[in-house]
Amino acid sequence: MNDVANEARVSQTTVSLVLNHADGARLSHETRQRVIKSAAKLGYQQARRGGGAAVSAAATIGFICDEISTDPWTAIALDGVREKAWAHGLTVTVMATRGDADMEAAALAQLSSLPIAGLVYATINTRLIEPPVWRSPAPIVLLNCHAPGGTLASVVPGEVAGGHAAADVLIRAGHKRIGYINGEAAMEAARHRLRGYRQALATADLPFDPELLREGNWQASSGYEATRALMALATPPTAIFCANDLMAVGCYEALRELGLEIPDDVAVMGYDDREIAQHLHPPLSTVLLPHLEMGAVAAEWLIDAAGGAPLRPRQVKVECPIVARKSV
């Protein structure tokens, strides 16, 4: 699978999703065909795992999360877990705790008493957590979070690389003054996306100008206000990278009020690939948060571990690919 991934220039997980026919994965037709052709070229024969005794004895994978309805990300990750589990004859038992410590303890205790293949412990925001008290011998994988010192296996989005890729799209389009509207600096996603933006500037030998950086709060209103401030500069940016798609919605509104055309006057880049991104005018170029793929990876680790493969305490950062549309 590594050979196929290298030949097709995709991640190994993308190869897994394509060859396991995960129809819910948001992969382009071109990517799917590239993986299929690369597998055929290399003569790859997919190994079918026969579930080990631990897998066949288990009926379910446990899934505990702090939030499932405030944003789409946990639900999308759950779909990735569910699809991978179902392919191996397992269901998923879901418990949302709303961050309540007592509720979480009760959920962990209940799941630990079941014959489960393993536990996925997920958070709505990417962050460092204290490891949950898990008293079952079944393996555990952290999803969209990580433990101090990497003591538990975890799957997170590659946010620094995602921020770098987004800024690089604008740089390659010829922009040298690129405004950046970040989310709340206390959040890991905001810090990592900003780091990627700065790394892309440094790679292109462009100076970082603090005047072009504005902090928002992930909401459309802050994208609007930050865009008005950026465009009021003596030398305004010719492109604006918004750290999420909702702030890009506000950015669009501000630019239209100023009589500016997207992308002719100002290019705009988003992040997340929310549903609204494709319905903006023009459709928003953005970065995909790969929660579906992350969920599939977490479930695959648990299934492999239940079948006897060792589950090492490692962190995998899943690629955040560019979704090119018409705003750049």
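Residues numbered from 1 in each chain as written. Predicted model: local features only at pLDDT ≥ 70, side-chain atom pairs only at ≥ 80, totals over all residues. Heavy atoms only, no water.

**A closer look at the overall build of the chain**
And then number 1: Looking only at helices and strands, one finds 11 helices and 12 strands in the chain.
And then number 2: Over its C-alpha atoms the chain spans a radius of gyration of 21 Å, differing by no more than 12% from the 20 Å that the globule rule assigns to 328 residues.
And then number 3: Dimensions of the chain, computed from the C-alpha atoms along their principal axes, are close to 65 × 55 × 35 Å.
And then number 4: Across the 328 residues of the chain, 51% fall into the buried class.
And then number 5: Sequence-distant contacts in the chain: of pairs separated by 6 or more residues, those separated by 24 or more amount to 70%. (Helix = DSSP H or I, 4+ residues; strand = E, 2+ residues; numbered from the N terminus. Rg over C-alpha atoms; globule rule 2.2 N^0.38 Å. Buried < 20%, exposed > 50% of the residue type's maximum accessible area, 1.4 Å probe, protein only. Contact = heavy atoms within 4.5 Å.)

**A word on the packing of aromatic side chains**
And then number 1: Evaluation of the coordinates by the stated rule reveals four aromatic pairs.
And then number 2: With a centroid separation of 6.4 Å and 80 degrees between ring planes, the pair formed by Y197 and F208 is classed as edge-to-face. Placement of the pair is Y197 in helix 8 (residues 188-203) and F208 in the loop between helix 8 and strand 7 (213-215), with a sequence separation of 11 residues.
And then number 3: The class for Y197 is buried, based on a relative accessible area of 1%.
And then number 4: An aromatic cluster is present here, built from Y180, Y197, F208, F241 and Y271 joined pairwise through their rings.
And then number 5: In this structure, R198 is placed above the aromatic ring of F208, and the distance from its NZ or CZ to the ring centre is 3.7 Å. (Phe/Tyr/Trp six-rings, centres within 6.5 Å; stacked < 30°, edge-to-face > 60°. Lys NZ or Arg CZ within 6 Å of the ring centre and 35° of its normal.)

**Let's talk about the pattern of salt bridges**
And then number 1: A full pass over the atoms with the stated rule returns 14 salt bridges.
And then number 2: Taking the shortest distance from any N to any O, the salt bridge between E300 and K84 comes out at 3.9 Å. Of this pair, E300 sits in helix 11 (residues 291-306) while K84 sits in helix 5 (residues 73-87); the two residues are 216 residues apart in sequence, bridging distant segments of the chain.
And then number 3: Owing to a relative accessible area of 14%, E300 belongs among the buried residues under this scheme.
And then number 4: Residue K84 is classed as buried on the basis of its relative accessible area, which comes to 8%.
And then number 5: Where E257 meets R228, a salt bridge forms, and the shortest distance between an N and an O atom there is 3.0 Å. With a gap of 29 residues between them, E257 in helix 10 (residues 245-257) and R228 in helix 9 (residues 220-231) connect regions that are remote in the sequence.
And then number 6: A single network of salt bridges, built from pairs that share partners, joins D71, E159, R193, D272 and R274. (Salt bridge = Lys/Arg side-chain N within 4 Å of Asp/Glu carboxyl O.)

**Section: the environment of L246**
And then number 1: Mapping L246 onto the fold places it in helix 10.
And then number 2: Look at L246 and you get partly exposed, because its relative accessible area is 23%.
And then number 3: When the C-alpha atoms of L246 and S222 are compared, they prove to be 9.2 Å apart, with 24 residues separating the residues in sequence.
And then number 4: In this view, L246 contacts W218, Q219, A220 and R274; residues no more than four positions away in its chain are not counted.

**Quick word on the nonpolar core**
And then number 1: Counting 42 residues, the largest nonpolar core has Y197, I240, F241, C242 and V268 as its most contacted members.
And then number 2: For this core, the elements supplying multiple residues, two or more each, are helix 7 (159-172), strand 6 (178-182), helix 8, helix 9, strand 8 (239-242), helix 10 and strand 9 (267-269).
And then number 3: In this structure, Y197 is in contact with G163, H164, A167, I178, G179, Y180, F208, L212 and F241, ignoring residues within four places of it in sequence.
And then number 4: Counting residues in hydrophobic clusters, the runner-up holds 24 residues, among them I61, A299, L302 and A306. (Core = buried A, V, L, I, M, F, W, Y, C linked by side-chain atoms within 4.5 Å.)

**A closer look at the confidence of the model for the chain**
And then number 1: Mean pLDDT over the chain stands at 91; residues scoring 70 or higher make up 94%.
And then number 2: Scored below 50 in pLDDT, residues 48-54 makes five contacts in the model with residues more than four places away or belonging to other chains. (pLDDT = per-residue confidence, 0-100.)

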